[in-house]
Amino acid sequence: MRIKMTLLAIAYVAVSALLLAIAHQPQGPVTTGKTDRLAGSSFLVERFAG
């Protein structure tokens, strides 16, 4: 009975780890901005700023 409970606990931990690994995979490629400009800044404002 003790061995059976130990194997059950090990299987539970293995399945839980597998499910967590699947759940935490990134959903798509992480894209970064092409420039280091702030996201809210406008090109025209920067281009024609005094």
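Attention in this report is confined to the structure presented alongside it.

### Things to note about the overall build of the protein
Scanning the protein for helices and strands turns up two helices and zero strands. Within the structure as shown, the protein displays about 5,300 Å² of accessible surface, and the carbon and sulfur contribution to it stands at 68%.

### A few points about helix H1 (residues 2-23)
If you check H1, its first and last C-alpha atoms are 32 Å apart, about what 22 residues at 1.5 Å a residue would give, namely 32 Å. Among the 22 residues in H1, zero count as buried, and that is only a small part of the element.

### Comments concerning a nonpolar patch on the surface
Judged by side-chain polarity, Val15, Leu18, Leu19 and Ile22 come together as a nonpolar surface patch covering roughly 400 Å² of accessible area. With respect to the element layout, Leu19 can be found in helix H1.

Criteria and thresholds
Residues numbered from 1 in each chain as written. Predicted model: local features only at pLDDT ≥ 70, side-chain atom pairs only at ≥ 80, totals over all residues. Heavy atoms only, no water. Helix = DSSP H or I, 4+ residues; strand = E, 2+ residues; numbered from the N terminus. Areas by Shrake-Rupley, 256 points an atom, 1.4 Å probe, with all protein chains shown as cover. Expected span 1.5 Å × (residues − 1). Buried < 20%, exposed > 50% of the residue type's maximum accessible area, 1.4 Å probe, protein only. Patch = residues over 30% accessible without salt bridge, like charges linked within 9 Å, V, L, I, M, F, W, Y side chains within 5 Å. Salt bridge = Lys/Arg side-chain N within 4 Å of Asp/Glu carboxyl O.

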